[in-house]
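If you want the building blocks of each chain, they are given just below.
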Amino acid sequence: MSTHAFQAPKGTRDFYPSDLAVRRHIEHAWRSASIDCGFDEVEGPAFEHLELYTAKSGEGIVNELFSFRRAGGENDYALRPEFTPTLARMVAARAGALPVPVKWFAIPNMFRAERPQRGRLREFVQWNIDTLGVEGAATDIDVIACAILALERLGLTPLDVQVRLSHRVAIGRLLSALGVSEEKSADAMTLLDRRDKLKPDEFATRAQALGLSAEGVASFDLAARATQPLADEISALATKIGIPVEALAALDEVRAAATRAGILEWCTVDIGIVRGLAYYTGTVFEIHEISGAERAVAGGGRYDGLVELFGGPKMAACGFGMGDVVLANVLRDRKLLPDDGAALLPRPDAFVISAGSEAAEAELPRLMMALRRAGFHARSSSKVTRNVGKLLGDAGKARARFAVILGAELTEGQIALKNLDSGSHSGSQTLVALAELTEHLRVKA
RNA sequence: GAGGCCAUAGCUCAGCUGGUAGAGCACCGGAUUGUGAUUUCGGCUGUCGCGGGUUCGAUCCCCGUUGGUCUCCCCA
């Protein structure tokens, strides 16, 4: 390819100012929700030893990674495809010294060697929330509630997105109650996970392969598609599937915790939510746009064995990841992002205009620096025209709060301060002493 | 990894059965030597994604390639 036509690598994004403004808007909701929920921010390397990932996910993961070896080097590395191994490594390294619970969040970029499609890119940003060292449904709900808080701050409601949740222990007992043997349990969960992708007859065939009777297959099919608002009694779900209520006791604990936290309306029980088999040990959940039009906004759950897997002590853990790509799609679907991301850029406090006199020309650069030293976001025009109308046009396009006009009054030490937010009329303009400008901006900001 | 569609100005797009390109917006300047959304006049812009082939001649047809988009696969 010739040198004048470089393109960004497949599945990566260039963030022009208006694009980055959107990303920061999302990240701000994530970060503020994390902090308000008591999580501390952490960060790790953008690449790790390849073995860190194969240790958790097996050799098969390598195809999904961007891995590399330094020219002449002997170590294999991989760009991080997820944050959890890094987190587990960090916790394991200092497990003895960390106060429990460990409540950490991170907003790292991730890399996956996948073919890009809607909601999936090769580089993206993912918000990670994790609580370690504490067992119990209340912790699971604490984590989920933090996700909800961030989504709420972005303008979403329970009518836009739902937390679809299930519980590994409950599913295990459910399967057992339906007559699925211990050995077939993993197969059964895989089948639950694939319920929407398989044709009915193929689903039935595979259900029979679990060793179920015709009646058992019917119940299994019912269970696989079972969803109900978390607000409804868990016993209703058990009755519907035809199993003892006690089998779903774990879900009832989650429901009780969600009730106490006041997030019931955001949650739906969904027996079809399974997620990584070798990984999760308790509550599992995904957050979905309610119509199912987009991929999962977030996914996570309880994974009590993970820190141990990375050489640490046995440690309870619960967390989730939320990517920026699907979330931005959902926000756009719901008209919760401006058409032009520039509307999310920081607004100038003052836009300084010289009307053209020698005194004004001399004053402008001095005033700019003075305003900035005082902590104001100050801009001026680079246009050569001194047509005040045109320059006010620039001020408006810059979305400045105030225009500061250096005109004839400057000889008396005064400038015109125009409030650009108060409509298109000139009535909102006052003469103020140049020396008192910062005071006026401070009061009116 | 498999397949469909797409790529023309900074942006959104037009461009006839092949004859080397236009519009709107944006941008810059003036009208108007002091007042901003829908005043007005003028101006700038392209190796038509890239490479090759067919042809007298390719933005247009063919092949390859890069990127985008969507589906399948996968999904920590």
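Model, not experiment: these values are computed from the prediction. (Residues numbered from 1 in each chain as written. Chains lettered and ligands numbered in written order. Predicted model: local features only at pLDDT ≥ 70, side-chain atom pairs only at ≥ 80, totals over all residues. Heavy atoms only, no water.)

Considering the overall build of chain A
A count of helices and strands for chain A gives 15 helices and 18 strands. Taken over C-alpha atoms, the radius of gyration comes to 28 Å for chain A, far larger than the 22 Å a tight globule of 445 residues would show. Oriented by its inertia axes, the alpha-carbon framework of chain A measures out at about 95 × 60 × 50 Å. In chain A, which comprises 445 residues, the proportion classed as buried is 46%. Pairs at least 24 apart in sequence give 67% of the contacts found in chain A among residues at least 6 apart. Carbon and sulfur atoms provide 51% of the accessible area of chain A, an area that totals close to 21,700 Å². Each charge class in chain A was averaged separately, 52 positive and 57 negative side chains, and the resulting centres sit 5 Å apart. (Helix = DSSP H or I, 4+ residues; strand = E, 2+ residues; numbered from the N terminus. Rg over C-alpha atoms; globule rule 2.2 N^0.38 Å. Buried < 20%, exposed > 50% of the residue type's maximum accessible area, 1.4 Å probe, protein only. Contact = heavy atoms within 4.5 Å. Areas by Shrake-Rupley, 256 points an atom, 1.4 Å probe, with all protein chains shown as cover. Lys, Arg positive; Asp, Glu negative; His and termini not counted. Charge placed at Lys NZ, Arg CZ, Asp CG, Glu CD.)

Focus on helix H1 (residues 17-36)
The terminal C-alpha atoms of H1 lie 28 Å apart, and with 20 residues this matches the ideal 28 Å at 1.5 Å per residue to within 8%. Structurally, H1 contributes buried residues whose contacts are with strand S5 (102-106), strand S7 (123-132), helix H4 (137-153), strand S13 (317-323) and helix H12 (324-333). (Expected span 1.5 Å × (residues − 1).)

Some thoughts on the sheet that holds strand S3 (residues 67-69)
Sheet strands line up and pair through hydrogen bonds in the backbone, either parallel or antiparallel. Read from one edge to the other, the open sheet built from three strands follows the order S2-S4-S3, with strand pairing classed as antiparallel. Bordering the open sheet on either side are strand S2 (47-49) and S3, each of which pairs with just one other strand. Across the sheet, the mean angle separating the axes of adjacent strands is 35° when strand polarity is ignored. Taken together, the three bridges between S2 and strand S4 (residues 76-79) define a ladder with antiparallel strand orientation. Bridge assignment links Glu48 to a residue of S4, and that residue is Ala78. Each of S2, S3 and S4 touches helix H2 (residues 50-57); the most contacted strand, S2, lies at about 70° to it. (Pairing = 2+ DSSP bridges. Axes fitted to C-alpha atoms, helices over the stretch in contact; angles between N-to-C directions.)

Focus: the domain arrangement of chain A
Looking at the assigned domains, one finds that chain A contains domain 1 (10-333) and domain 2 (346-444). For domain 1 and domain 2, the distance between their C-alpha centroids amounts to 51 Å. (Domains from an automatic or database assignment.)

Considerations on the environment of Arg275
Inspection of the secondary structure assignment puts Arg275 in the loop between strand S10 (267-270) and strand S11 (283-289). The spatial distance from the C-alpha of Arg275 to the C-alpha of Asn63 is 20 Å, given a sequence separation of 212 residues. With near-sequence residues (within four places) excluded, Arg275 lies in contact with Arg168, Asp193, Tyr280, Phe285, Glu286, Gly299 and Gly300. In terms of polar contacts, Arg275 uses its side chain to reach the side chain of Glu286, at 2.9 Å. (Polar contact = N/O pair within 3.5 Å; in protein donor to acceptor, adjacent residues only side chain to side chain.)

Remarks on unusual backbone geometry
Here the amide bond leading from Val100 into Pro101 is cis, since omega sits at 0°, within 30 degrees of zero. With respect to the secondary-structure elements, Pro101 resides in the loop between helix H3 (84-93) and S5. The phi dihedral of Lys335 is positive, around 60°, even though this residue is not glycine. Within the secondary structure, Lys335 is located in the loop between H12 and strand S14 (350-354). For Arg399, which is not glycine, the phi torsion reads 65° and is therefore positive. Locating Arg399 in the fold gives a position in the loop between helix H14 (388-397) and strand S16 (402-406).

Overview of the pattern of salt bridges
Any two side chains of opposite charge can pair, given that their charged atoms come close. According to the stated counting rule, one finds 28 salt bridges in the structure shown. Put simply, Arg24 and Glu27 hold a salt bridge, and the shortest N to O gap is 2.7 Å. Here Arg24 pairs with Glu27, and both are found in helix H1, just three residues apart, close to one helical turn. Using a relative accessible area of 6% as the deciding quantity, one classes Glu27 as buried. Across the salt bridge formed by Glu233 and Arg255, the nearest N and O atoms sit 3.8 Å from each other. With Glu233 in the loop between strand S9 (227-229) and helix H9 (234-241) and Arg255 in helix H10 (residues 249-261), the pair connects residues that are 22 residues apart, well separated along the chain. The partly exposed category is assigned to Glu233, whose relative accessible area is 48%. One network of salt bridges, with partners in common, ties together Arg164, Arg195, Asp196 and Asp270. (Salt bridge = Lys/Arg side-chain N within 4 Å of Asp/Glu carboxyl O.)

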